[in-house]
Amino acid sequence: MEAYTPGEQPDDPNLIKLNTNENPYEPAPRVLKAVREAVGERLRLYPHPTADPLRRKLAALHGCSLDQIIVGNGMDELLALATRAFVEPEIHSTTRRSGRQIIQYFTPSYSLYPVLAAIHGARVNEVPLNTDFSIPRQALIKTAGWKSEVALTYITTPNAPGGQIYRNEDLRRLCKNTKGVIILDEAYADFAPWNTMPLVKEFHHVIVARTFSKAYSLCCQRIGYFVGPEPLITALHKICDSYNVNGLGQVAAAATLDELPYYRENIQRIIQERDRLTACLRQYKFNVLPSATNFILAAPPVGSGITESWFEHLHERGILVRWFPHSAIRRFLRITIGRPKQNRILGTTVGELLKSGPLP
Ligand SMILES: *Cc1c(COP(=O)(O)O)cnc(C)c1O
């Protein structure tokens, strides 16, 4: 099997790091203070086993009960947990009749899903998105290879790496048409004009997945969570590792929820910069797709050199972006929105590279 390929995490702090969708702004001062104060004698004690103080705050935020929330060591842990809980490994399966061994998702979307399926020995049903990364109309009426009976469906919304947001009306139809558990992966929801949280209240089989990594500047602390129907969340709690959420992470995330105005301001800044960088690259004739996230997909102008060369030339000049060899997106660079100055340097560098002629 193939392992998940994470983006490069270089040691050089002078690099302009626009490759892993991290937030360019630091955590709120009071969050840093809370973490500093939690470092001390207490580190010898176990943290809260199910992160209840944090779950209580999240329940209040989303207007649901404590039993509808599970916190994980990043959302990635919870996605793995859901795979284990809701999908039958094919090798152990006694029946081949149903979709109980199948994990379904659109491609391209989050590249961790096929890895989780492979680890678990599950079958996958990959349904290609349209070339503009919209949901194929036929999927909404149960054709185009979309299966209506599978164990688990992952939908990244807004999509990554596409950046598009899907209409809740379309997702509602997909949820109605699809049996088995559906996870709406909302890692980027805070950068989008709307979110799918209302769907949790409408269905017994729909879970919304969130993370503190992208919008709340806490990648390093590894905190993600699910909001979903109580029976599904209870099932996940039964099989999760004891003390799965580290203590400092719990402190940081709980403190973050007391500082939401600080983060909303940063999110607005990132959205403004996203629009500015999009306009800048379009002036250089890049094909930039509309984005509802903290990154953009941008294809260099035809005749300016292949996208992989662009990736390498930017890298040589100290700017890290991401390039994926997957056929549907290999024309594009994925660029995380940075601070205004970083985005300006990217724009200037792109202009210089274009002037020097087609890249070898
Ligand atoms: C970043 C990301 C995650 C994982 O977030 P963590 O909480 O850092 O594990 C999940 N899904 C998507 C689509 C992401 O981009």
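Just above sits the structure.
Quick look at the structure, then. (Residues numbered from 1 in each chain as written. Predicted model: local features only at pLDDT ≥ 70, side-chain atom pairs only at ≥ 80, totals over all residues. Heavy atoms only, no water.)

Turning next to the packing of helix α3 (residues 75–86) against helix α8 (residues 230–239). Here α3 crosses α8 at 100°, and the two axes come no closer than 10 Å. When the axes of α3 and α8 are compared, the pair comes out roughly perpendicular. Residues L81, A82, R84, A85 and F86 of α3 form the contact with α8, whose own contacting residues are L232, L236 and I239. Per-class residue counts for the contact of α3 with α8 are 7 nonpolar, no polar and 1 charged. (Axes fitted to C-alpha atoms, helices over the stretch in contact; angles between N-to-C directions. Helix = DSSP H or I, 4+ residues; strand = E, 2+ residues; numbered from the N terminus. Parallel < 35°, antiparallel > 145°, perpendicular 65-115°, else oblique. Contact = heavy atoms within 4.5 Å. Nonpolar A, V, L, I, M, F, W, Y, C, P; charged D, E, K, R; others polar.)

Another point: the side chain of Q250. Note that Q250 resides in helix α9 (residues 247–256). Only 3.1 Å separates the side chain of Q250 from the backbone oxygen of H48, close enough to count as a polar contact. Residues within four places of Q250 in sequence aside, it is in contact with P47, H48, A51, L54, I223 and V245. (Polar contact = N/O pair within 3.5 Å; in protein donor to acceptor, adjacent residues only side chain to side chain.)

Another aspect to go through is the packing of helix α1 (residues 29–38) against α9. At a closest axis distance of 9 Å, the pairing of α1 and α9 adopts a crossing angle of 150°. The orientation of α1 relative to α9 falls into the category roughly antiparallel. With respect to the hand of their crossing, α1 and α9 are arranged in right-handed fashion. On α9, the residues touching R30, V31, A34, V35 and A38 of α1 are L248, V251, A252, A255 and T256. Considered class by class, the residues forming the contact of α1 with α9 number 8 nonpolar, 1 polar and 1 charged. (Left-handed = near helix turned anticlockwise from the far one by under 90°.)

Attention shifts here to the environment of D76. As for its placement among the helices and strands, D76 is situated in helix α3. Overall, D76 belongs to the partly exposed group, its relative accessible area being 27%. When the C-alpha atoms of D76 and R167 are compared, they prove to be 24 Å apart, with 91 residues separating the residues in sequence. Apart from the residues within four sequence positions on either side, D76 is in contact with Y110, L112 and R222. (Buried < 20%, exposed > 50% of the residue type's maximum accessible area, 1.4 Å probe, protein only.)

We now examine the pairing of strand β4 (residues 123–128). A regular strand places its side chains on the two faces of the sheet in alternate fashion. In this structure, strand β3 (residues 102–107) lies alongside β4, joined through 6 bridges in parallel fashion. The residue bridging I103 from the neighbouring strand is V124, located in β4. What joins β3 to β4 is helix α4 (residues 112–120), and the crossover it makes is right-handed. (Pairing = 2+ DSSP bridges. Right-handed = clockwise from strand over helix to strand, strands pointing away.)

Glancing now at the site of the ligand. As a matter of local geometry, the ligand sits amid G74, M75, D76, Y110, T156, D185, A187, Y188, T211, S213, K214 and R222. Here a nitrogen atom of the ligand and a side-chain polar atom of D185 are 2.7 Å apart. The fraction of the free accessible surface of the ligand (380 Å²) that becomes covered by protein chains is 93%. Residues that form the shell around the ligand fall into these classes: 4 nonpolar, 4 polar and 4 charged. (Near = heavy atom within 4 Å. Areas by Shrake-Rupley, 256 points an atom, 1.4 Å probe, with all protein chains shown as cover.)

Purely geometric numbers; function is a separate question.
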